[in-house]
Amino acid sequence: MSGSASAVQMDEVRTRAKSLLSASGSAQDVRVEVQAMAAIPLPLSEKYRHFTAEAILRENGAGRNKQEVVETLTRLVKALSILEKYGCNLTCPTRPRYWRSVKHNNPVFRTTVDAVKGGRRVLYLYGYTNQQIDGLSFPDEVSEPDTEKVAAVTLEVMTLRTEVDMLLKGIHPNLEHFRDIIPFIVQQNELVFDAVVVPPGEEQQADKPQIPPPSAEAAPAPDIEAAPKPSPDAPAATECSLCGGASSLLCPSCDNRAFCDACDDIFHRHPSRATHKRDKIQKTKQETCSICGISAVQAQCSTCVQRLCLNCDRLFHSHPDRKGHNRTSLTPTKTSSPSLSPWGCAHCTTVNEMRAVLCATCERPRLATPASGAQENPASIPTSPNTEWQCKSCTVVNAGSSILCEVCERPRLATRPPVAPVTPGPGSPSDAGAKWTCQFCTFGNTKPSAVCEMCGLSCKDSAGVSLPQSLQQTSSSSSSSSSPPGAADQPLTRPQPMPRVNLEMKRQKMMREDGLTLIQQIREAEKRGVSPEEVYAALCVSGGSNTNPCDWLTSELPHLLDEICAMAASVQLNYKTGNAGTQQPAAESSGGGGGEGSGSSGGAKLSRAEAKLAWLTAGGDTDRAVRQLLRDRQVKMRELHSLGFRDVAQCEEALRQSGGEVKGALSLLQRPLLEPFHRQIWAEQPEPPIDPKHPDKQRMCRRLLALYDLPSWGRCELVLSMLQEPGVTYSLEDVVQAVKESHDRDFIRRILVNECPCCLSIFPRTKMQSLTSCQCSVCHECFRMHFTITVRDKHIRDMVCPVCSDPDINDPKQLDSYFSTLDIQLRDCLDPDVYDLFHKKLTEHALMKDPKFLWCCHCVSGFINDEDQLKVTCLSCRKSFCAQCKKPWEPQHQDVTCEQFQQWKRDNDPEYQKQGLAGYLRDNGITCPHCRFQYALTKGGCMHFSCSQCRYQFCSGCNNPYHKTGCRTAQCTFNGLHAHHPRDCLFYLRDWEPPRLQELLRRSAVDFNTDPSLGTQTDSCGVMEQKDEGGEPADSPCGIPTQPGQAGLCEKHYREYLVSLINVHSLDPALLYDAQELTRACERYQVDTQRGDGEEDNVFHARLLKKLMEVPLGEKVPRNK
């Protein structure tokens, strides 16, 4: 196939496989395509596009010999299988939960992908590009993996794994592409072209290498006679019928099927096959190279009579004198080595090691094949995962929930490891045959015995390979001697081993009982404050006595520790006496005098705590404890000497007092040295201030670090440099606080220099305060003074920002949130009495929102009225008034309405009649629409009225609110102080002349006064109104001269009187509008003023008037009668 045709075929297969893998994410769906891509004859650089396969093979295929190369490539196959699994998980529609990250601490990842070179590069191609502390992950901005790219990389990983697997099996069809990359494997699989044998009669084929057919028998070696010769009737070595590995046993009862040790142990464990007799297959020893003596023979030279391995043959015959030798390539005999007999998983085709029980990729058992599944009895498989199971390696019974054995950490499905026979070497001693390995605990026994020295189980195994020759002879001789007379005529039967279940269970029971006893003793000791180590050491010392370990520790341990200290002191003293003329490190760790637990006056000063620690470390051995005690003391003395303490006596005394702790001894030794410093610290002298101009800059920086907890040395130097700038008025605390926030000098200067808008002084930002409603900042003193004056002398609604007067008090939502945060700020700012007054006003402000709250008309108090009667008595002044009209209560008001009572006063009260219309205007004064507080004032003058109780600002003619900024009225673009007035408001009608207002009343047949009442003052207007006197509002008479025909009022108040009558009778002033006023009113109330074609003026004005009168009059206009 040409290169272009192969490339086209490769592209077609790759495209088809990528679409299948992207859709399903299953490796089984692309199994055929991967096999096809692996067999296409293309160079690696053309076959693999996303990663460099040649570099991966070179990096992971290096080795000094063929065995190392095979091991590294097998490890590479495992890593590629795991990478293939990662890729399939990413392309699968149902991805795992934690697909975004790969953890390094995963044991599978650490032993496979991380153990080969190039594994992380493949993960990077998958998308794991974010490096983390514990692994790799996708970037945070990536929500889904690139399925197309991941599928393409996964296919190349699967193809490379398949090709390496084929190389290891020796079935790769294109070895020429790997000759320069992994020569060991390629040379093993290729023919040796320079080994030519020309048989007679075939000279025409001399240019082609002649290779003999593969045979199971190897050529005889010079020392082949040393190996035992197989008997003529011995079965020949074949492959295992279950796993395909080298077989070691043959079962005649199973139709002469061959089994390896592991498969035989599993297959014949079934009760129906437990009595089968198996014959051992005789195996010849594998012949090794005559030069290196390690590798198997693969070439035979007939000229120099040498049998060589592949490497030795290549090196030996590279000499010019031996280039013409004729060599024959030999096929090495298959051995039963588990590492050279891998097995392929029937599910995912992964090649696994012989010893592996579970597949490294899909984690399925080795025998999980259709053939083995048909042969395996379901009764031999545990029915429940919670059933206890016995490890086949160390025989420990494990819990059903565990996967690995608690002792040997082998998997639950792992078979017992085969025990290799121990064959003595040519130079081994005569007693080498007595050594044998236990098949259960793998302990190497050195003495010929029928049971293992470690586990106590019988040495007889199913394979019979680990039994020593001496035991085999003894067993055979004893059996022959004990056989009855006539037994020679009977056929020899293989003796059945005793069932080991009873022995194993007995051993397990003993171990369990001993363990429970030890646990019970440890628990009792913990209740008495004794550690498990002390219990164990006490048991080791007390031996088989029935003494309680805790009692022994209490009564005997102190004497034993004193003995250990005395022995150690004696050893140290003897050492010093014998080495008086030399200086040794050990001599420095002893000194004169004794102490607690000291042996003699010339021994080391050792404490019981040190002796106890050494005794526990030695496991209760007294001699080891003495050596450990002297060794630990020597190490501690050296450590103290390295810290500058040279006085041996002081160091030993400090260690004795601290119980052998170096930290405690160091504290005792440093205490005299730190005494002057302690006296300086605890002195009552004040701390000297930090001088930024002090010549010792480092000392000032250290003090800054100690006193102000600055984050770094550089910040301390920045504080000193800021304080040394010319013309600086900052305080040290302000600069330290600013430097803690930032290291930028410009930013620090902006923090330190802030002008208060009230007092125009300079303050740091930390000494400025601002409200939550605005961005203005004032100093603490101005903030306190402003709100103190406001609380004492003004209304609570005046408690706004002193700079910008925010927030808008008329907005209830802003008002509630504003006062909730203001209360927190004023708590630590105002004096206690001022703060209490603020809370009182805030409470009254909240009560005013209650509809039952009433203001007294006699005083300034307010209260909540829960009664339904008109007569209400103030709780402060004890005076009564009407709850509805807010007039002082009179007996005539009983059982009559407020309108009836008002009319009675006009008709019968001389005092009221004497006041005339001035009294009428006073009774119909201004009522706050927000807090319902009444003012005995007229509405003339400025219509912008501000309530003194709640600071609500409204129009006194229509009660509509005044807005300081933009309002929420539709199509209103005015941002200044304004209000929206209806057309019957006094705001517009006060500009009408009295005759025009009288005309409107006459049209509706409403009576009005033109003459003053009898007895009233007629020279000046006596209506009370609010005036500004000295910057403060005050109530005083109008005082303007009156005009005839205006009922004894000035023109302004007479107009107000006429407008009040218009409002009482709800008269529409639009009836008297001229054309200009009509058009302007329609524009004000957004009435369509478009004139029709050819429409006459009268018709147009009549239509506009009709539309304007459809707009309702003011809803809040006072209409009291």
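Everything discussed here concerns the structure shown above.
Residues numbered from 1 in each chain as written. Predicted model: local features only at pLDDT ≥ 70, side-chain atom pairs only at ≥ 80, totals over all residues. Heavy atoms only, no water.

Asker: Just checking my understanding: could you explain the overall build of the protein chain for this structure?
Answerer: Along the backbone of the protein chain there are 36 helices and 29 strands. Within the span of the protein chain, comprising 1121 residues, buried residues form 38% of the whole. In the protein chain, 50% of the contacts between residues at least 6 apart in sequence involve partners at least 24 apart. (Helix = DSSP H or I, 4+ residues; strand = E, 2+ residues; numbered from the N terminus. Buried < 20%, exposed > 50% of the residue type's maximum accessible area, 1.4 Å probe, protein only. Contact = heavy atoms within 4.5 Å.)

Asker: Sorry if this is basic, but what is going on with a nonpolar patch on the surface here?
Answerer: Taken together, Leu 673, Leu 674, Phe 677, Ile 681 and Trp 682 make up a surface patch of nonpolar side chains, about 600 Å² in accessible area. Mapping Leu 674 onto the fold places it in helix H21 (residues 662-681). The partly exposed category is assigned to Leu 674, whose relative accessible area is 37%. (Patch = residues over 30% accessible without salt bridge, like charges linked within 9 Å, V, L, I, M, F, W, Y side chains within 5 Å. Areas by Shrake-Rupley, 256 points an atom, 1.4 Å probe, with all protein chains shown as cover. Salt bridge = Lys/Arg side-chain N within 4 Å of Asp/Glu carboxyl O.)

Asker: Sorry, what's going on with the sheet that holds strand E8 (residues 306-308) here?
Answerer: Sheet architecture is open: three strands sit in the order E8-E7-E9, paired in antiparallel fashion. Every other strand in the sheet has two partners, leaving E8 and strand E9 (327-329) as the edge strands with one partner each. On average, each strand axis in the sheet is inclined to that of its neighbour by 20°, with strand direction left out of account. Relative to E9, strand E7 (residues 299-301) runs antiparallel, the two being bridged by three bridges. Paired with Cys 301 across the bridge in E9 is Arg 327. (Pairing = 2+ DSSP bridges. Axes fitted to C-alpha atoms, helices over the stretch in contact; angles between N-to-C directions.)

Asker: In this structure, what is going on with the sheet that holds strand E6 (residues 279-280)? I would like to understand it.
Answerer: In sheet architecture, strand pairing relies on hydrogen bonds along the backbone and comes in two forms, parallel and antiparallel. Pairing within the open sheet is antiparallel, and its three strands lie in the order E5-E4-E6. Two strands in the sheet have a free side with no partner beyond their single neighbour: strand E5 (257-259) and E6. Relative to E5, strand E4 (residues 249-251) is paired through three bridges, and the arrangement is antiparallel. Along E5, the bridge assignment pairs Leu 249 with Phe 259.

Asker: Is there a simple way to think about the packing of helix H35 (residues 1075-1084) against helix H36 (residues 1097-1109) in this case?
Answerer: When two helices pack together, their arrangement is given by the angle between the helix axes and the distance between those axes. For the pair H35 and H36, the least separation of the axes is 10 Å and the interaxial angle reads 45°. Classified by the angle their axes make, H35 and H36 are oblique. The chirality of how H35 crosses H36 is left-handed. Here H35 contributes Ala 1075, Leu 1078, Ala 1081 and Cys 1082 to the contact with H36, which in turn contributes His 1101, Leu 1104, Leu 1105 and Leu 1108. (Parallel < 35°, antiparallel > 145°, perpendicular 65-115°, else oblique. Left-handed = near helix turned anticlockwise from the far one by under 90°.)

Asker: Honestly, helix H15 (residues 532-542) in this entry has me stumped. Any pointers?
Answerer: Buried within H15 we find Glu 534, Val 535, Ala 537, Ala 538 and Ser 542. Projection of H15 onto a plane perpendicular to its axis shows the buried side chains occupying an angular sector of 165°, all on one side. (Arc of directions from axis to C-beta.)

Asker: For this particular structure, what's the right way to read the pattern of salt bridges?
Answerer: Pairing between side chains of opposite charge can happen when the charged atoms of each approach one another. Going through the model one piece at a time under the given rule, you end up with 33 salt bridges. A salt bridge links Asp 114 to Arg 120; its shortest N-O distance comes to 2.9 Å. With its nearest N and O atoms 3.8 Å apart, the salt bridge here joins Arg 1003 to Glu 999. One end of the pair, Arg 1003, and the other, Glu 999, are both in helix H33 (residues 994-1003), four residues apart, so they sit about a helical turn from each other. For Arg 1003, a relative accessible area of 53% translates into the label exposed. Via salt bridges that share partners, Glu 725, Arg 745, Asp 746 and Arg 749 belong to a single interconnected network.

Asker: Explain the state of the cysteines to me, please; I cannot follow it from the model alone.
Answerer: Structurally, a disulfide amounts to a covalent bond that connects the sulfur atoms of two cysteines. Tallying each qualifying case throughout the model produces zero disulfides. With no disulfide of its own, Cys 885 lies closest to Cys 882 among cysteine sulfurs, the gap being 3.4 Å. Residue classification places Cys 885 among the buried residues on the basis of a relative accessible area of 12%. (Disulfide = S-S within 2.5 Å.)

Asker: Quick question: what am I supposed to make of the environment of Val 571 here?
Answerer: On the secondary structure map, Val 571 appears in helix H17 (residues 557-578). Assessed through its relative accessible area of 41%, Val 571 is described here as partly exposed. In this structure the C-alpha to C-alpha distance between Val 571 and Arg 627, which are 56 residues apart in sequence, comes to 9.3 Å.

Asker: What exactly am I supposed to notice about the nonpolar core here?
Answerer: Buried together is how nonpolar side chains tend to be arranged in soluble globular proteins. One finds Leu 1001 and Leu 1108 to be the most contacted residues of the largest nonpolar core, which totals 39 residues. Elements with a contribution of two residues or more to this core: helix H32 (986-989), H33, helix H34 (1051-1064), H35 and H36. For this core, the element with the highest residue contribution is H34, accounting for six residues. Leaving out residues up to four positions away in the same chain, Leu 1108 has contacts with Arg 983, Ala 1070, Tyr 1073, Leu 1078, Ala 1081, Cys 1082 and Tyr 1085. Listed in part, the 38 residues of the second largest apolar core include Ile 56, Leu 57, Leu 83 and Trp 99. (Core = buried A, V, L, I, M, F, W, Y, C linked by side-chain atoms within 4.5 Å.)

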